[in-house]
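One-letter residues, chain by chain:
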Amino acid sequence: LEEQFSIARLGEGVDKSGVINENAIERARIILTKYKSICDSFGVSKIKSVGTSALRDAKNSREVLDILNEILGFDIEIIDGIEEARLSFLGSVIDKDASIVIDIGGGSTEIISGAESEVFSRTSINMGTVRVTEKFFESNPPTIENINSARNFILNHLEKAEIKHCSRVYAVAGTATTLATSAICINDTDVYEIHNKILQKSEIDRLYNAFIKLNPNQIVEQYKVRPQRADLITAGALILKTILDFLEVKEVIVSAHGLRFGVLKSMIE
């Protein structure tokens, strides 16, 4: 009936400070107030919402939840990384073949392998676009030293992860969809134009090599990326590129579904 995309960036500064800051809370408050109004206009009787990395990690998550729960009139459920991985897989994969799903978020990245509704392996890694950007990219564009440090950080996490290899690989969430829209120079909100399309690793490499030389304003102008995502997409491209190199994968299927659809399918089941 209705679909909305918004970036609250709730995890801004959480890695360093350990708390969700007032600006992030206000952004989330405005978004959820709008969403509640939309729900009311459709006569929605039940709202299901989940919190991920930022709300898992922040010391003040209880206080933040009190504010956001009051807006919705329903409690937000904080899910752990393993449940986030399961739901991302459930929401993304539509065929019966064994597949891997890569879900790059702001604070964490989930890598899941399975077939249909059976999950073979799932791992949640504390590396995401916001976390890598804040930890390593003090300048934007980043320096070679910044990039090498970030890549080593990502590889270190991957080497410790348990990942069951499959030939079919899906990539979901904002990094994947933004890379796919950037590849054909359409607005990054037009995600259904690229839903279930194949994105070659060579195209990801091309975009990554372009992004590391550009500042966020140039990325917005040249690749039609939203300003709220433009300073994060370089880190996102590095994370996805490094994972694909690690898995020796040459292409991914980009899904516009993922976690939200997994939550919905789980409710239906």
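Rules of the game
Residues numbered from 1 in each chain as written. Predicted model: local features only at pLDDT ≥ 70, side-chain atom pairs only at ≥ 80, totals over all residues. Heavy atoms only, no water. pLDDT = per-residue confidence, 0-100. Helix = DSSP H or I, 4+ residues; strand = E, 2+ residues; numbered from the N terminus. Salt bridge = Lys/Arg side-chain N within 4 Å of Asp/Glu carboxyl O. Buried < 20%, exposed > 50% of the residue type's maximum accessible area, 1.4 Å probe, protein only. Axes fitted to C-alpha atoms, helices over the stretch in contact; angles between N-to-C directions. Parallel < 35°, antiparallel > 145°, perpendicular 65-115°, else oblique. Contact = heavy atoms within 4.5 Å. Nonpolar A, V, L, I, M, F, W, Y, C, P; charged D, E, K, R; others polar. Pairing = 2+ DSSP bridges. Phe/Tyr/Trp six-rings, centres within 6.5 Å; stacked < 30°, edge-to-face > 60°.

As for the confidence of the model for the protein
So, point 1. In the predicted model, the protein carries a mean pLDDT of 89, and 100% of its residues have values of at least 70.
So, point 2. Per-element confidence in the protein is highest for helix 2 (residues 22–41), whose mean pLDDT is 95, and lowest for helix 1 (residues 14–17), whose mean pLDDT is 80.

Some points on the pattern of salt bridges
So, point 1. One pass over the full model with this rule turns up 16 salt bridges.
So, point 2. Taking the shortest distance from any N to any O, the salt bridge between Arg56 and Glu84 comes out at 3.0 Å. Of the two residues, Arg56 is situated in helix 3 (residues 53–57) and Glu84 in helix 5 (residues 81–92); the sequence distance between them amounts to 28 residues.
So, point 3. Look at Arg56 and you get partly exposed, because its relative accessible area is 25%.
So, point 4. In this structure Glu84 comes out as buried when scored by relative accessible area, which is 5%.

Looking at the packing of helix 8 (residues 173–183) against helix 12 (residues 233–247)
So, point 1. Between helix 8 and helix 12, whose axes approach to 9 Å, the crossing angle comes to 95°. Accordingly, the angle class assigned to the pair helix 8 and helix 12 is roughly perpendicular. Across the interface between the two elements, Thr175, Thr178 and Leu179 of helix 8 pack against Ile233, Gly236, Ala237 and Leu240 of helix 12.
So, point 2. Taken together, the residues that form the contact of helix 8 with helix 12 break down as 4 nonpolar, 3 polar and no charged.

Observations regarding the pairing of strand 8 (residues 251–255)
So, point 1. Strand 8 sits mainly inside the fold: 4 of its 5 residues count as buried.
So, point 2. Of the pairings in the sheet, the one linking strand 6 (residues 168–172) to strand 8 comprises 3 bridges and is parallel in character. Residue pairing across strands places Tyr170 opposite Ile253, the latter belonging to strand 8.
So, point 3. Where strand 7 (residues 197–200) and strand 8 come together, 4 bridges link them in antiparallel fashion. Bridging across to strand 8, Gln200 finds its partner in Glu251.

Brief notes about the sheet that holds strand 3 (residues 99–104)
So, point 1. Across the sheet, which stays open at both edges, the 6 strands sit in the order 5-4-3-6-8-7 with mixed pairing between neighbours. In this open sheet, the two edge strands, each paired with only one partner strand, are strand 5 (118–125) and strand 7. Neighbour to neighbour, the strand axes of the sheet diverge by 25° on average, direction disregarded.
So, point 2. The strands touched by helix 12 are strand 3, strand 4 (109–115), strand 6 and strand 8; relative to strand 3, the strand with the most contacts, the crossing angle is about 155°.

Some words on the packing of helix 5 against helix 13 (residues 259–268)
So, point 1. Packing of helix 5 against helix 13 brings their axes to within 6 Å, and their N-to-C directions diverge by 90°. When the axis of helix 5 is compared with that of helix 13, the two are roughly perpendicular. Counting all contacts with helix 5, which are made through Glu84, Arg86, Leu87, Ser88, Leu90 and Gly91, the residues of helix 13 involved are Leu259, Phe261, Gly262, Val263, Lys265 and Ser266.
So, point 2. Tallied by class, residues from the contact of helix 5 with helix 13 come to 5 nonpolar, 4 polar and 3 charged.

Brief notes about the packing of aromatic side chains
So, point 1. Enumeration over the complete set of coordinates arrives at 2 aromatic pairs.
So, point 2. Ring centres of Phe136 and Phe153 lie 5.1 Å apart, and the angle between their planes is 55°; on these two criteria the pair is classed as tilted. Taken together, the residues Phe136 in helix 6 (residues 129–136) and Phe153 in helix 7 (residues 144–160) connect sequence positions 17 residues apart.
So, point 3. Accessibility expressed as a relative area gives 14% for Phe136, which makes it buried.
So, point 4. Residue class for Phe153 comes out buried when judged on its relative accessible area of 16%.
So, point 5. Geometrically, the ring pair formed by Phe211 and Tyr223 is edge-to-face, given 5.2 Å between the ring centres and 85° between the ring planes. On the criterion of sequence distance, the pair formed by Phe211 in helix 9 (residues 201–211) and Tyr223 in helix 10 (residues 216–223) is long-range, its members being 12 residues apart. For the pair formed by Phe211 and Tyr223, the shared burial category is buried.

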